[in-house]
Amino acid sequence: MKPKLVVFTGAGISAESGIQTFRDSDGLWEEYNVNDVATPQGWEKNRALVLDFYNKRRKQVLEAKPNKAHEALVALEKKYDVHIITQNIDDLHERAGSKKVLHLHGEIFKSRSTTDSSLIYKIKGTELNVGDKCERGSQLRPHIVWFGEMVPEMETAYEIAATAALFVVVGTSMVVYPAAGLIDYTKPSIPKYLIDPNDVKVNGIKNLTIIKEKAGVGLAMLVNELIKK
Ligand code: OAD
């Protein structure tokens, strides 16, 4: 059986594909007020503004291509049972060819009913607008987890992390919980790696190797090493 390698990714892995991160100096939360566009309160206040924000994100993702970092994770599948747990709403891991991808914060190409969260649809084209309705006649919203909402996939993610033989963190500021707490569910004895060009606060994590590089370079280095092992 191949060893289970779990990769936890954030916006930084898609930065080299031209997708803005959230908290870097040119990040989305410098440009937008998070309360206006990524909370249930923002949605109640101005649905058109929220939909416009995600329509722009969808267009940006459609224009982007997977980069070397996404591709490196696909190469790892030859030797490892790779599970990607991503906070990203883009589909670049899937487009690169990764087989097991769990989206913690939703997916930009899906919408869901505002009255029945089990009604989830693929978005055709780039836009979701006021007046687009589910089969039961209620407004569709982006299939995104907003601040203040539950993260439905968290339990599944904890189980995956708890059974990892190796754990790799790439391109996340590790400030948004519960996702950022995932590393605490890994076994203390397993090797862990963190790839980010900037300092990321992680305290009290045993067996952690920090690779202070951008995702493209850092993952190429790590994947080479892990494939040789
Ligand atoms: P952030 O924008 O908070 O953090 C991005 C991280 O990527 C930072 O640590 C950067 O240093 C790093 N980074 C930048 N360029 C990089 C590169 N080329 N290679 C590798 N790393 C790079 O994004 P997230 O941590 O993903 O949630 O944010 C977590 C959540 O907060 C998101 O899922 C989103 C956001 O608000 C929701 O919208 C619910």
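Scroll up a little and you will see the structure.
The residue count restarts for each chain, going from 1 along the sequence in the order it is written. The model is predicted, so local features are restricted to residues of pLDDT at least 70 and side-chain atom pairs to those at 80 or more, both for listing and for counting; the totals for chains, interfaces and linings are taken over all residues. By convention in this description, side-chain values take in all heavy atoms of the structure and omit both hydrogens and water.

What exactly am I supposed to notice about the sheet that holds strand β5 (residues 120-122) here?
Any two strands are treated as partners once DSSP identifies two or more bridges connecting them. Helix numbering and strand numbering both begin at the N terminus, where a helix is a DSSP run of H or I of at least 4 residues and a strand a DSSP run of E of at least 2. The strand order across the open sheet formed by three strands is β5-β4-β6, and the pairing between neighbours is antiparallel. In this open sheet, the two edge strands, each paired with only one partner strand, are β5 and β6 (140-144). Along the sheet, successive strands turn relative to each other by an average axial angle of 45°, direction set aside. Across four bridges, the pairing between strand β4 (residues 106-113) and β6 is antiparallel. Its bridge partner being in β6, Arg 112 is matched across the sheet by Arg 141. In what follows, residue pairs with any heavy atoms lying within 4.5 Å of each other are defined as contacts. Note on definitions: angles span 0 to 180 degrees between N-to-C directions of axes, and those axes are lines fitted to C-alpha atoms, for helices only across the stretch in contact. Relative to β4, helix α4 (residues 47-63) is tilted by about 140°, and along the sheet it contacts β4 and β6.

Just to check I follow, could you spell out unusual backbone geometry for this structure?
Excluding glycine, a negative phi dihedral is what most residues carry, and trans is how most peptide bonds are arranged. Cis peptide bonds are those with omega within 30 degrees of zero, and the linkage from Tyr 177 to Pro 178 qualifies with 10°. Mapped onto the elements, Pro 178 comes out in the loop between β7 (166-170) and β8 (192-195). Look at Met 174: it is not a glycine, yet its phi comes out positive at around 55°. Among the secondary structure elements, Met 174 is positioned in the loop between β7 and β8. Positive phi is not limited to glycine here, since Asn 207 has a value of about 55°. Checked against the element boundaries, Asn 207 lands in the loop between β8 and β9 (208-211). By relative accessible area, Asn 207 is classed as partly exposed at 46%. To sort residues, take the accessible area from a 1.4 Å probe on protein chains only and compare it with the maximum for the residue type: under 20% means buried, over 50% means exposed, and anything in between is partly exposed.

Hey, could you run me through the sheet that holds strand β3 (residues 101-103) in this one?
In a beta sheet, neighbouring strands are held together by backbone hydrogen bonds and run either parallel or antiparallel to one another. The parallel open sheet is built from six strands, whose spatial order is β3-β2-β1-β7-β8-β9. Edge positions in the open sheet fall to β3 and β9, since each of these has one partner strand only. Taken over all neighbouring pairs, the strand axes of this sheet differ in orientation by 15° on average, direction set aside. As judged from the four bridges shared by β8 and β9, these two strands associate in the parallel manner. Across the sheet, Lys 192 pairs through a bridge with Leu 208, a residue of β9. Seen against the sheet, helix α8 (residues 215-228) touches β1 (4-9), β7, β8 and β9 and runs at an angle of roughly 155° to β8.

For this particular structure, what's the right way to read the site of the ligand?
For the ligand, the set of nearby residues contains 23 residues, the closest of which are Arg 23, Thr 172, Ser 173, Asp 196 and Asn 198. Take Glu 16: an N or O atom from its side chain is 3.1 Å from a nitrogen atom of the ligand. Counting of polar contacts relies on pairs of N or O atoms within 3.5 Å, with two restrictions inside protein: one atom must be capable of donating a hydrogen and the other of accepting it, and residues adjacent in sequence are counted only when both atoms are side-chain atoms. A distance of 3.3 Å is found between an oxygen atom of the ligand and a backbone nitrogen or oxygen belonging to Gly 171. Its residues assigned to classes, the shell around the ligand comprises nine nonpolar, nine polar and five charged. Here, proximity means that at least one heavy atom of the residue falls within 4 Å of the molecule or strand. Polarity classes work like this: nonpolar for Ala, Val, Leu, Ile, Met, Phe, Trp, Tyr, Cys and Pro, charged for Asp, Glu, Lys and Arg, and polar for all others, with Gly in that last group.

Would you mind showing me how to read the environment of Lys 110 here?
Structurally, Lys 110 is set in strand β4. Overall, Lys 110 belongs to the partly exposed group, its relative accessible area being 29%. For the pair Lys 110 and Ile 89, spaced 21 residues apart in sequence, the C-alpha separation works out to 9.6 Å. Those residues in contact with Lys 110, other than ones at most four positions away along the chain, are Ile 120, Tyr 121, Ile 123, Pro 142 and His 143. Separated by 3.1 Å, the side chains of Lys 110 and Glu 107 make a polar contact.

I would appreciate a short explanation of the side chain of Asn 67 in the present structure.
Mapped onto the elements of the fold, Asn 67 is located in the loop between α4 and α5 (68-75). Every residue in contact with Asn 67, bar those within four places of it in the chain, is listed here: Ile 13, Ser 14, Glu 16 and Ser 17.

Where do I start with the side chain of Ser 111 in this structure?
Tracing the sequence through the fold places Ser 111 in strand β4. What makes Ser 111 buried here is its relative accessible area of 2%. Beyond its immediate sequence surroundings of up to four residues, Ser 111 is in contact with Leu 119, Ile 120, Tyr 121, Ile 123, Leu 128, Leu 140, Arg 141, Pro 142 and His 143.

Help me out: how do you make sense of the nonpolar core in this one?
In this structure, Phe 8, Ile 85, Leu 104, Phe 167, Met 174 and Leu 182 are the most contacted members of the largest nonpolar core, which totals 25 residues. Examining the composition of this core, we find that five residues originate from one element, helix α7 (residues 154-162), more than from any other. Excluding residues that lie within four positions of it along the chain, Phe 8 makes contacts with Ile 85, Gln 87, Leu 104, Phe 167, Val 168, Val 169, Val 170, Thr 172, Met 174, Ala 179, Ala 180 and Leu 182. Working definition of a nonpolar core: buried Ala, Val, Leu, Ile, Met, Phe, Trp, Tyr and Cys residues. They are joined through side-chain atoms within 4.5 Å. Ranked by size, the runner-up nonpolar core spans 23 residues in total, among them Trp 43, Leu 51, Ile 89 and Ile 123.

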